[in-house]
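An overview of the molecular structure
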Amino acid sequence: QVQLVESGGGLVQPGGSLRLSCAASGSTLSINPMGWYRQVPGKEREFVAAITRRGSTGYADSVKGRFTISRDNTNNTVYLQMNSLKPEDTAVYYCNGGGTFSGYWGQGTQVTVSL
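Here is a short report on the structure shown in this document. (Residues numbered from 1 in each chain as written. Predicted model: local features only at pLDDT ≥ 70, side-chain atom pairs only at ≥ 80, totals over all residues. Heavy atoms only, no water.)

A look at the side chain of Arg 71
Note the cut-off: To qualify as a helix, a DSSP run of H or I must reach at least 4 residues; to qualify as a strand, a run of E must reach at least 2; elements of each kind are numbered from the N terminus. Under this definition, polar contacts are N or O atom pairs within 3.5 Å; protein pairs additionally need one hydrogen-donor-capable and one acceptor-capable atom, and for neighbouring residues in sequence, both atoms have to be side-chain atoms. Should any heavy atoms of two residues lie within 4.5 Å, those residues are counted as being in contact.
In this structure, Arg 71 sits in strand 7 (residues 67-72). At 2.6 Å, the side chain of Arg 71 and the backbone oxygen of Ile 31 are in polar contact. Arg 71 has contacts with Ile 31, Asn 32, Pro 33, Met 34, Ile 51, Thr 52, Arg 53, Thr 77 and Val 78, leaving out every residue within four places of it along the chain.

As structure tokens, this is what we get:
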């Protein structure tokens, strides 16, 4: 069994920064890739960023250049550094391990970008 727990969300002003963390526990050996998704009420959950165990990364166009995903394979934690935050980044951010269809999801952490 795999458990994913997100943390680091909160309220931040436009232009500010947050760093989200996703700690994986349990049977973590086969979790690859890991990624971040976000969802706002009434809309579909959307891809934000992903990273493989070797460190290859991919980003949604909407966050490219502002967000950075990283992974610490020693402690099984994935991070999302979010800079230059915009109000449209407001969402619940979910950690994913192993893909959207067969993988695992965390409980989500709220990110609110507002004055």
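From this point, the discussion proceeds with the structure in view.
Quick look at the state of the cysteines
Among covalent bonds in proteins, the disulfide is the one between the sulfur atoms of two cysteines. To keep things clear, this is the line we draw: Note on disulfides: each one is a pair of cysteine sulfur atoms within 2.5 Å.
With the rule as written, the count across this model stands at one disulfide. With its sulfur 2.0 Å from that of its partner, Cys 22 forms a disulfide with Cys 95. Measuring the twist about the S-S bond at about -80 degrees, one finds the Cys 22-Cys 95 disulfide to be left-handed. Residue Cys 22 is located in strand 3 (residues 18-26), and its partner Cys 95 is located in strand 9 (residues 91-97); the two are separated by 73 residues in the primary sequence.

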